[in-house]
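Examining the three-dimensional arrangement
One-letter residues, chain by chain:
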Amino acid sequence: MSQQFTLRSHKSSITYIYPSPTIPTELYTADSTGFLIKWDLTTRRPVSSWQAHTDTVLTISSLQGRLLTHSRDNTIKVWDNTTCVMEVPCNALNFSNVVVLHDEVLITPASINSNNVDVYRVTLAWGITRLMADVNVHLLVETGVVFTDEVGSRNDYGIIMKMHVLDDVVYVGFESGDVVGLQLVLPQATVKNSSANNDTLVINQSAKLVVKYHDATHVPNPVISLLSFKGSLVSGSTTNKVVVHTYPPEVLKVEHSGVQAILNDADKDLIIGFWNGEIRCGETRIHRDVPMVQNSSADDRSKSVKKLTFMALLEPKEDEEGVGDGKNKYSLLIRAKKLLTATILLVGYEDGSIVAYKV
């Protein structure tokens, strides 16, 4: 890997990096103070910036064409540029992300208990309905029944650490080390006609969560990273163990403990970032040294390693699908192809910098 450029504008630790799904040359980044920046990668300068939250940003995603953010300040917000158009309270005692399913369903740690999950449906007019509240995943797994509206219990897997969507299944990684896959069955109204008086009866059904997968390979170490690779789930923990969730699960032992982030390099290889700042991709190893003040002439420490806090990939856009609209689409593709001639790895660090490496 070769270093390409560095983005500098944040004043605190980088907590999220989100390439725009519609404009290949745009990038959103966030930090531990709740500050967001929208970048133009052709100039490598901020286009706009705003104080989106009052605490660490844990998620940046998209919902119905708008930017969604989620923070430790106990809120989820949807944005029209820098204007908030919807705000949802949430429980942020943990550091879990939230996920969007089918571009209309929001799955979050429960507002009552961060060990459980809440499920919301968002309408086009930015109305919101809570479909399920305080779902106890541990109870769902242990009893083997479909969860509808039971109240959570104390006997569980600990707090939710990470969530990831793969093939319409929401995978949840827990503090205990358990990984659970949940499939959401959305409510559908049943219409019945009465032949006697010609009346129509509409029966509304409840949303349901069904357990599709459970694995305890990481137990008792918390799961801190989840991603998809070659159609399978991959998870990392606070130890040096990476698990590929095939059948049976494949356990990879890596060099360092603390698998902060794992990325999928076009199903060719896994890019793994560790707490200590080192990044592994195949046989390549990179880390970012910074000068370190020596305490004395006998102190031979001349460098320290910056702590890695987040990683994301910028991949070349091969087709027009999802790129802009109307007359801007062609120019956006031309700019993106000039800029992104190869996959770019973006690495966020605790000093607020974002370093780009050519993969």
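Residues numbered from 1 in each chain as written. Predicted model: local features only at pLDDT ≥ 70, side-chain atom pairs only at ≥ 80, totals over all residues. Heavy atoms only, no water.

In the annotation of an unreviewed UniProt entry, the protein is listed under the name ASTRA-associated protein 1 and assigned to Candida viswanathii.

Each helix and strand in the protein was counted, giving two helices and 32 strands. Taken over 359 residues, the protein has a buried fraction of 48%. Put simply, 46% of the contacts in the protein that link residues at least 6 apart link residues at least 24 apart. Entry remark: accessible area of the protein is about 17200 Å², with carbon and sulfur atoms responsible for 47%. (Helix = DSSP H or I, 4+ residues; strand = E, 2+ residues; numbered from the N terminus. Buried < 20%, exposed > 50% of the residue type's maximum accessible area, 1.4 Å probe, protein only. Contact = heavy atoms within 4.5 Å. Areas by Shrake-Rupley, 256 points an atom, 1.4 Å probe, with all protein chains shown as cover.)

Before going further, it helps to examine the packing of aromatic side chains. Think of a pair of aromatic rings as described by two things: how far the centres are apart, and how the planes are tilted against each other in angle. The tally for this structure, following the rule as stated, stands at four aromatic pairs. With centroids separated by 6.0 Å and ring planes inclined at 70°, the aromatic side chains of Tyr171 and Tyr213 adopt a geometry described as edge-to-face. Here Tyr171 is found in strand E15 (residues 169-174), whereas its partner Tyr213 is found in strand E19 (residues 208-215), with 42 residues between them in sequence. Between the NZ or CZ atom of Arg72 and the centre of the ring of Phe95, over which it lies, the distance is 4.2 Å. (Phe/Tyr/Trp six-rings, centres within 6.5 Å; stacked < 30°, edge-to-face > 60°. Lys NZ or Arg CZ within 6 Å of the ring centre and 35° of its normal.)

Our focus in this paragraph is the environment of Phe95. Mapped onto the secondary structure, Phe95 falls in the loop between strand E9 (83-89) and strand E10 (99-101). The exposure class of Phe95 is exposed, given its relative accessible area of 51%. Note: C-alpha distance between Phe95 and Val57 (38 residues apart in sequence) is 9.4 Å. Not counting residues within four places of it along the chain, the set of residues in contact with Phe95 comprises Leu58, Arg72 and Met161.

With that settled, the discussion passes to the sheet that holds strand E14 (residues 160-166). Strand order in the open sheet formed by four strands is E14-E15-E16-E19, and the pairing between neighbours is antiparallel. What marks the edges here is a single partner per strand, and that holds for E14 and E19. Across this sheet, the average inter-strand angle for adjacent strands is 25°, counted without regard to direction. Sheet topology places E15 next to strand E16 (residues 179-185); five bridges connect them, and they run antiparallel. (Pairing = 2+ DSSP bridges. Axes fitted to C-alpha atoms, helices over the stretch in contact; angles between N-to-C directions.)

Before going further, it helps to spend a moment on the layout of surface pockets. In this structure, the second largest pocket encloses a volume near 350 Å³. Around the second largest pocket, the lining comprises 18 residues; the ones closest to its centre are Glu26, Tyr28, Gly65, Arg66 and Leu67. (1 Å grid on protein atoms, 1.4 Å probe; cavity = no way out; pocket = protein on both sides within 12 Å on 5 of 7 lines; lining within 4 Å. Points joined across faces, edges and corners; volume = space filled by probe spheres on them.)

As a further point, take the nonpolar core. If you look at the biggest cluster of nonpolar residues, it comprises 26 residues, and the most contacted ones within it are Ile17, Ile60, Leu67 and Leu346. Secondary structure elements with two or more residues in this core: strand E1 (2-8), strand E2 (14-19), strand E3 (26-31), strand E4 (35-40), strand E6 (57-63), strand E30 (308-314), strand E31 (344-349) and strand E32 (353-358). If one sorts the elements of this core by residue count, E2 sits on top with four residues. Once residues within four sequence positions are removed from consideration, Leu346 is found in contact with Ile17, Leu27, Phe310, Met311, Ala312, Leu314, Ile354, Val355 and Ala356. The next biggest cluster of nonpolar side chains, apart from the first, holds 22 residues, and it includes Val99, Val141, Ile160 and Leu209. (Core = buried A, V, L, I, M, F, W, Y, C linked by side-chain atoms within 4.5 Å.)

Turning our attention to the UniProt feature "repeat: WD" (unreviewed entry) in the protein. This chain's UniProt record puts "repeat: WD" (unreviewed entry) on residues 50-80. The distance from the first to the last C-alpha atom of residues 50-80 is 12 Å, and the span holds 0% helix and 68% strand. (UniProt positions renumbered as here; feature names shortened; annotations may be inferred.)

For Trp126, the location among the structural elements is in the loop between strand E12 (117-122) and strand E13 (128-135). A residue is classified by how much of its surface remains accessible, and Trp126, at 18% relative accessible area, is buried. A C-alpha to C-alpha distance of 8.9 Å links Trp126 and Val78, two positions 48 residues apart in sequence. Not counting residues within four places of it along the chain, the set of residues in contact with Trp126 comprises Leu63, Gln64, Arg66, Val78, Val85 and Met86.

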